[in-house]
Amino acid sequence: MDRHTEPHRSAIYATTLVAFLAIAGIAVVDPILPAIGTAIGVTAWQVELLFTAYIAVMAVGMIPATLASGRFGFKPVLVTGVSVVGLAAIAASFSDDIVQLSVLRGVWGLGNAMFFATAMVVLVNLANDREWVVGLFETALGLGFAVGPLIGGLLGQVSWRLPFFVCGMFMVLALLVAARKLREPTHRQPPVRLGQILTTYRRPAFLILCVVTAAYNFVFFVVLGYTPLFLGLDVVPLGLAFTGWGLGLAAGILLIGHRLAHRIGAVQTVGVALVGLLACMLLFATSTGTAETLVVLVVAGLCMGLANANLTDLALGLGSTDRRVATGVFNLVRWGAAAPAPILAGKLAEHGLALPFWVGAGVLAAGLLVYLTCAHLMAAGYGERLRWSRWNRAARQAEHEPVGEAY
């Protein structure tokens with residue numbers, strides 16, 4: 001489809017810019033984690049509270065944010081979320097202890113929940129081409145993860161407080177863009193009911209997707225939250241290391257993820273990503289030097305990009321027909337499973353530096369086992385066929401089930 005036929009391009013690009021700034025704000029913290037721990041005198045698991053508090057509140061806030069968007073509209077909820085993030089980030093730059101920082105990161109997570117519960121739905125409803133707009137959104141996330149660590153590393157060399165403050169300024173910019181450019185979808189939708197949310201989890205294909213995504217996102221935040229401490233680099237080199245990871249993530253989303261899905265299907269592309277990421281976790285756990293770990297970090301980013309490029313599309317295709325509900329319930333699982341990963345990694349590291357990666361590999365292996373056993377359900381619901389279906393009787397039977405069941 002010609003992108004020039006999109007009637008709401010300016011609103012779509014504005015929403016994507018806000019998404020980029022929001023993710024850059026998450027990733028900006030990565031390279032300054034060791035510096036924060038040193039400056040305020042806390043242990044590894046206490047530093048990881050900055051991630052866990054943020055992700056846990058973000059996960060819990062997804063459902064109220066989804067319900068609020070149905071009652072008040074997308075734009076008010078999204079703009080409020082961006083405002084909350086900006087205020088929390090600026091306040092965090094003046095904090096003196098880990099409790100204050102963790103509370104403010106939790107508030108930050110609530111603001112991001114309000115944003116992420118609405119942004120994707122706004123984009124999908126404004127665009128004619130769903131695949132293009134999902135790819136655009138996921139690319140913005142990948143680039144945010146790439147640029148955020150670089151900014152955090154450069155600013156963190158001056159002070160660990162500066163990246164928080166600059167992130168707050170980013171969100172002020174995002175607020176101006178959102179208030180001026182964002183617009184509600186043309187068709188006003190009825191309020192979301194809690195029953196719709198609970199019913200979505202009863203769809204077998206969607207439930208399998210959630211289990212696989214939970215294992216994947218747990219590992220995602222083991223890598224994102226613990227690897228900065230594991231590498232033991234100074235602030236700027238650490239920022240550059242995670243910029244490399246973010247570029248790998250963006251390449252997986254923008255250059256490879258959807259192209260591979262067109263060739264072998266979205267479900268099988270996720271399988272390729274899980275196998276590759278599992279290999280990376282084993283390599284992290286057995287790494288013998290910094291250079292090897294850095295190479296694995298970039299490859300892990302690439303594998304994560306392949307997964308991210310397709311998981312959102314699968315959630316929209318297999319979940320509720322109401323995209324607000326599909327996005328909200330999927331993000332609840334996505335972020336809820338990620339919440340314990342950073343703090344658990346910090347505690348495990350007290351018993352062995354490689355132990356968080358071994359545990360992450362075990363969790364991902366369990367998710368991969370569920371995927372291999374039940375991928376045929378996702379593929380049938382999404383209208384795809386598995387390459388190995390000729391050897392899988394269940395897959396052949398699933399192909400004859402009504403596709404409408406998953407939608």
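Per its UniProt entry, the protein chain bears the Subcellular location (unreviewed entry) comment "Cell membrane".

Caption draft 1: Fine view of the overall build of the protein chain. Along its length, the protein chain carries 17 helices and 0 strands. Across the 407 residues in the protein chain, those meeting the buried criterion constitute 58%. Long-range pairs, those at least 24 residues apart, make up 84% of the contacts in the protein chain with a sequence separation of at least 6. Accessible area of the protein chain: about 15500 Å², with a carbon and sulfur share of 66%.

Caption draft 2: The nonpolar core, seen in detail. In terms of nonpolar packing, the biggest core is built from 137 residues, with Phe115, Phe164, Leu209, Phe220, Phe221, Trp245 and Leu277 touching the most fellow members. If near-sequence neighbours (up to four positions away) are discounted, Phe220 is found in contact with Phe145, Trp245, Leu249, Met304 and Asn308.

Caption draft 3: View of a nonpolar patch on the surface. Among the surface-exposed residues, Phe94, Phe165, Met169, Val172 and Leu176 lie close enough to one another that they form a single nonpolar patch of about 470 Å² accessible area. Looking at the secondary structure, you find Phe165 in helix 8 (residues 161-181).

Caption draft 4: Structural context of the pattern of salt bridges. Per the counting criterion, the structure on display carries 2 salt bridges. Put simply, Asp96 and Arg161 hold a salt bridge, and the shortest N to O gap is 3.5 Å. Of this pair, Asp96 sits in the loop between helix 5 (74-92) and helix 6 (98-126) while Arg161 sits in helix 8, placing them 65 residues apart in sequence. Classification of Asp96 by relative accessible area gives exposed; the value is 55%. Owing to a relative accessible area of 27%, Arg161 belongs among the partly exposed residues under this scheme. Of the charged contacts, one joins Lys347 and Glu350 as a salt bridge, the two residues approaching to 3.7 Å between their closest N and O atoms. Residue Lys347 is classed as partly exposed on the basis of its relative accessible area of 37%. Assessed through its relative accessible area of 46%, Glu350 is described here as partly exposed.

Parameters and conventions
Residues numbered from 1 in each chain as written. Predicted model: local features only at pLDDT ≥ 70, side-chain atom pairs only at ≥ 80, totals over all residues. Heavy atoms only, no water. UniProt positions renumbered as here; feature names shortened; annotations may be inferred. Helix = DSSP H or I, 4+ residues; strand = E, 2+ residues; numbered from the N terminus. Buried < 20%, exposed > 50% of the residue type's maximum accessible area, 1.4 Å probe, protein only. Contact = heavy atoms within 4.5 Å. Areas by Shrake-Rupley, 256 points an atom, 1.4 Å probe, with all protein chains shown as cover. Core = buried A, V, L, I, M, F, W, Y, C linked by side-chain atoms within 4.5 Å. Patch = residues over 30% accessible without salt bridge, like charges linked within 9 Å, V, L, I, M, F, W, Y side chains within 5 Å. Salt bridge = Lys/Arg side-chain N within 4 Å of Asp/Glu carboxyl O.

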